[in-house]
Amino acid sequence: MSSFARNQWYAAAWLSEIGDVPFGRRILGEPVVIFRDPEGKICALMDRCPHRLVPLTMGTLTERGLQCGYHGMVFDGGGRCVHIPGQDMIPPRAVVRSYPIAERYGMAWIWMGEAERADPALLPHIPHYGDEGWELIGDGYQHHPSNYLNIVENLMDPAHTTFVHKQTIGNPAAKSEPVKMEKTDDYIVAYRWLHNSPPSPMDKQIKDFGDQQVDRGQFFYYYIPSMSRVDIITMPAGLEKTEENFNKGLRNNSYKFLTPETETATHFFWLHLRNYKVGDRAWSERMHGVFEKTFLEDRDIEMAMQCSQDEAGVRQFVALEIDRAPTVALRMIDRMVRNEAAAEAVAAE
Amino acid sequence: MSSFARNQWYAAAWLSEIGDVPFGRRILGEPVVIFRDPEGKICALMDRCPHRLVPLTMGTLTERGLQCGYHGMVFDGGGRCVHIPGQDMIPPRAVVRSYPIAERYGMAWIWMGEAERADPALLPHIPHYGDEGWELIGDGYQHHPSNYLNIVENLMDPAHTTFVHKQTIGNPAAKSEPVKMEKTDDYIVAYRWLHNSPPSPMDKQIKDFGDQQVDRGQFFYYYIPSMSRVDIITMPAGLEKTEENFNKGLRNNSYKFLTPETETATHFFWLHLRNYKVGDRAWSERMHGVFEKTFLEDRDIEMAMQCSQDEAGVRQFVALEIDRAPTVALRMIDRMVRNEAAAEAVAAE
Amino acid sequence: MSSFARNQWYAAAWLSEIGDVPFGRRILGEPVVIFRDPEGKICALMDRCPHRLVPLTMGTLTERGLQCGYHGMVFDGGGRCVHIPGQDMIPPRAVVRSYPIAERYGMAWIWMGEAERADPALLPHIPHYGDEGWELIGDGYQHHPSNYLNIVENLMDPAHTTFVHKQTIGNPAAKSEPVKMEKTDDYIVAYRWLHNSPPSPMDKQIKDFGDQQVDRGQFFYYYIPSMSRVDIITMPAGLEKTEENFNKGLRNNSYKFLTPETETATHFFWLHLRNYKVGDRAWSERMHGVFEKTFLEDRDIEMAMQCSQDEAGVRQFVALEIDRAPTVALRMIDRMVRNEAAAEAVAAE
């Protein structure tokens, strides 16, 4: 059994990645070609011409659709063949599998499971995206050669920051604060508040707090199976903990979207929203660099871990206290994957 | 079962490739070392010393034969050990498998099957090779990482030219001419005539046709299992279609010899004969460049196709009308391979 | 069954390789991390944190031991976890396999088998190491991508010198001297004496022999399963063959220590002792270069042989007279490996 849930929206490509030539990406183990059809709608097909299996990414975009680079067969966004050079009859088997696509938040989202269940209402929700007073760092992408579950654990786990991110965002003082956990059907959140402390050096760079003390909240949300949201709030000490008050302080929302490429590699998309220094491009560029470097530090660990796990044939020998939230997240994903497999088995009867 | 017929002559190496050091090439999955014996005769052995299996390509050519680079055992062209340093007795197992070799058309041809069936009368025939009034572009070689059947199909298929060879020989106008097909026991030919049309821009560069109209013939021969001949004729319109008249026009004969390296890669040898611009080296060099580039365009498609087919576990999902000739060619090859396997099974009983 | 004997000391790393960061090397198929504990003692652990299997080579050396780079777990030299950040209880499964280590001759020796059998008395013995009047070229290391048995055979085999080492130490005249052989429980030795001959050109460079004739001895010892000692003696002709007299001449002792990395690659450590030109660094550097080049010539052969053997599925097709000593050595190793396997099977009952 694979470790992937299929009946889900996954980040397929940033809209900025989809241009004048067919764009190829392997998703949940399948080769996918993504392109705009003649009407400008983004479409996704399996990246294999049904004739002799030449990848359609080697083709070109024409007025009628995506044209194979070998014999010129043209396919529309639904995967139907609409033209065969030198031949009038289109054989019924001249079709390519197509995948539902939705566009939102600058991203093409793909549904790799049963097409009839691809409901746009199930797309992820990103509060404040596009809102006035919020600044976006978008289009983040890295390739992480590790099973996505290793990355899920990493994203649910504030404890590794001290050791992995020494060079970037690590903070020795953060070592032993107690972490709480809550869960719903959709997500799990691990969080902690640092009450009544002085603002961090970076917070001081952003805003003059005078001698005011702050409360600092760190929320690590994981939306099953593929989205992480880290919500970092610095607010005046003692204020009531409401969304409205959160937004009165400094707020950073960091999103990651994990799309399994194969069982041993993951597309790691990210974006960041903040409610301060709106329009400050220099700050955005600096932050972009810090994030990229930080995620590469994680990638190096995840990659080495994957090799080691592949060789050992197990993922873990011993559980620690810090594994509580990641373990719950992995159990939720596991249940989701098993339910899908069971439903498929029933359907196949 | 492999996809190779073994009781056939295959192109092993251009004579120009065989020099003062042993030459190694994998053929039909087997490592082969090719060299000239002390009398100058080209020989081929399995590329493994029988002692500890060191490749004989790491050895040297001596007055007595091919000497292994590890302990100095010397083998003659028939694979018999003729010298062991420090030892008088030659053990009976000190032999290497040898393969029959024939030299013709600047090429060493190898017979990978039963040696007693290696009849020079079965060598390919190349009309006009070495004839006065004909110019040769020889010694063409490329490595195509694809099963040879993908290349057979490509060589039987004029339809891909429009799409794959846009940058080189492609010609949009050629799109929809009807193609005819004939076959014998040995070969299959797909061809078309364009009657009574103006000469092509390239033909005009070669010869001044005035306002004369021409007939243009394209013949795609495939000699089972490994030789392609493309015969392109531009002759005065209306002339009777005889060999003699063909040679009065402009004639291009392009040959390819496919030698499987493994199930996923092929040695692609080529040569070209023309009956015009004899002795014009500049023209030959220009044409050499065009051919090389054209075949590399094919290689890129074939290579991507092979990866895709390997992953899918099938070669083709749907057949088109243009597949008629290639399908016949592949069926003939398949029959040849199955007959060999059946004969082997009988022999083994 | 693997080809490795486990209850043996193997060269793991030169002490000079073990510095301020954890040192990783694969030994007998297992990933090993080598480091100095806070007291300076060299330790070796399996290179996998028991938590999520991150290689410990990605960690750092701290005052308490080796700290994992992911969540900061700290392990002592015995593989016990001594610290988990943010957690007081150390789970019983938070342990890493440790391997006995001994330090001698500038080398860390590792015992990959049953720890209770790791007796320092079983360490290799290197006469004259560190003695006055003897000069050391130490710290030699090469990676040879071949099963160690191919290298054992090479080291027992003077005959290949003429063919493999043409560019370095080869000597055509040495071709056909008779070789004798002796064996004990621990080692086998193949040797020959060249009596009453003029000194070699190199010997003349080292010492002025006038018109004195010399006896020249070549002893190829192999200590089962992993150490080779080549003892080359040039002494005045006719002197009695005693250790004392050997040392009165020119004497070269070349040691190699073979540590299997995997079934297809070997760590090749070497050192050299001589009783002349003591303190002559220029001579040492020159010799170092000759040795490195010579062993790389062997490596190229061994590497090609391994590929060939892997493909053929056998190591040898025919035995020669020169294989006598190597064959005995391999039989001794084979018996050792089988005895270990049998003892393990009994223990497992």
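Residues numbered from 1 in each chain as written. Chains lettered and ligands numbered in written order. Predicted model: local features only at pLDDT ≥ 70, side-chain atom pairs only at ≥ 80, totals over all residues.

(A) Quick peek at unusual backbone geometry. Put simply, Ile224 of chain B and Pro225 of chain B share a cis peptide bond, and its omega is 0°. Structurally, Pro225 of chain B is set in the loop between strand E15 (214-223) and strand E16 (227-236). Unusually for a residue other than glycine, His128 of chain B sits at a positive phi of about 75°. Within the secondary structure, His128 of chain B is located in the loop between strand E11 (107-111) and strand E12 (135-144). The exposure class of His128 of chain B is partly exposed, given the 16 C-beta atoms found within 10 Å. With phi around 55°, Asn196 of chain C is a residue other than glycine that occupies positive phi space. Locating Asn196 of chain C in the fold gives a position in strand E14 (residues 187-197). (Helix = DSSP H or I, 4+ residues; strand = E, 2+ residues; numbered from the N terminus. Buried ≥ 20, exposed ≤ 12 C-beta atoms within 10 Å, placed from the backbone.)

(B) Fine view of the interface of chain A and chain C. Each partner contributes residues to the interface: chain A has 20 residues there, and chain C has 19 residues. Counting residues per element, the ones that place at least two in the side of chain A that touches chain C are helix H2 (161-164) and helix H5 (281-312) of chain A. Among the elements that make up the side of chain A that touches chain C, the one with the highest residue count is H5 of chain A (six residues). Class assignment for the residues of the side of chain A that touches chain C results in eleven nonpolar, six polar and three charged. (Contact = placed C-beta atoms within 7 Å. Nonpolar A, V, L, I, M, F, W, Y, C, P; charged D, E, K, R; others polar.)

(C) Broad picture of the sheet that holds strand E6 (residues 66-67) of chain B. Residues and elements named next belong to chain B. If you trace the four strands from one edge of the open sheet to the other, you get E5-E6-E7-E8, paired in antiparallel fashion. Every interior strand has two partners, whereas the edge strands, strand E5 (60-61) and strand E8 (81-83), have only one. Bridge count between E5 and E6: two bridges; the pairing is antiparallel. Within E6, the residue paired with Thr60 across the bridge is Gln67. (Pairing = 2+ DSSP bridges.)

(D) A look at the packing of helix H1 (residues 148-155) of chain C against helix H6 (residues 324-348) of chain C. All names here are of chain C. Put simply, H1 and H6 touch, their axes get as near as 8 Å, and they point 140° apart. Classed by the angle they form, the pair H1 and H6 counts as oblique. The crossing of H1 and H6 is right-handed. Counted together, Leu149, Val152 and Glu153 of H1 and Pro326, Ala329, Leu330 and Ile333 of H6 form the full contact between these two elements. Among the residues forming the contact of H1 with H6, the class breakdown is six nonpolar, no polar and one charged. (Axes fitted to C-alpha atoms, helices over the stretch in contact; angles between N-to-C directions. Parallel < 35°, antiparallel > 145°, perpendicular 65-115°, else oblique. Left-handed = near helix turned anticlockwise from the far one by under 90°.)

(E) Layout of the domain arrangement of chain A. Residue and element names in this part refer to chain A. You can read the domains of chain A as domain 1 (9-121) and domain 2 (127-341). With centres defined by C-alpha atoms, the gap from domain 1 to domain 2 works out at 33 Å. Taken together, the twelve residues of domain 1 in the interface contact twelve residues of domain 2. Looking at the side of domain 1 that touches domain 2, the elements with two or more residues in it are strand E1 (9-14) and strand E2 (23-27). For the side of domain 1 that touches domain 2, the element with the most residues is E1, which contributes four residues. Residue composition of the side of domain 1 that touches domain 2, by class: seven nonpolar, three polar and two charged. (Domains from an automatic or database assignment.)

(F) Quick look at the interface of chain B and chain A. Listed as interface residues are 20 residues of chain B and, on the opposing side, 19 residues of chain A. Where the side of chain B that touches chain A is concerned, the elements lending two or more residues are helix H2 (161-164) and helix H5 (281-312) of chain B. Counting residues per element, the side of chain B that touches chain A draws most heavily on H5 of chain B, which supplies six residues. The class makeup of the residues in the side of chain B that touches chain A is eleven nonpolar, six polar and three charged.

(G) Structural detail: the relation of the copies chain B and chain A. Superposition of chain B onto chain A requires a rotation of 120° combined with a translation of 0.1 Å along the rotation axis, giving an RMSD of 0.0 Å. In short, the pair behaves as if placed about a three-fold rotation axis. (Least-squares fit on C-alpha atoms with pLDDT ≥ 70 in both.)

(H) Geometry of H6 of chain C. Helix length check: H6 of chain C, at 25 residues, gives a terminal C-alpha distance of 36 Å against a target of 36 Å (1.5 Å per residue), a fit within 8%. Of the positions making up H6 of chain C, those classed as buried are Ala325, Pro326, Ala329, Leu330 and Ile333 of chain C. (Expected span 1.5 Å × (residues − 1).)

(I) Looking closely at the pairing of strand E18 (residues 265-274) of chain C. All names here are of chain C. Extensive coverage of E18 is indicated by the burial of eight of its ten residues. Of the pairings in the sheet, the one linking strand E12 (residues 135-144) to E18 comprises eight bridges and is antiparallel in character. The partner of Tyr141 across the bridge, within E18, is Phe269. Note that strand E17 (residues 250-262) and E18 share ten bridges and pair antiparallel. Its bridge partner lying in E18, Phe257 is registered against Phe269.

(J) Layout of H5 of chain A. Residue and element names in this part refer to chain A. Taking 1.5 Å per residue as the helical rise, H5 with its 32 residues ought to reach 46 Å, and the 46 Å between its terminal C-alpha atoms agrees with that figure. Along H5, the residues classified as buried are Phe291, Phe295, Glu297, Asp298, Ile301, Glu302, Ala304, Met305, Gln306, Ser308 and Gln309. Against the buried residues of H5 lie strand E12 (135-144), helix H1 (148-155), H2 and strand E18 (265-274). In the stretch just after H5, Gly313 is the one whose phi turns positive, near 80°.

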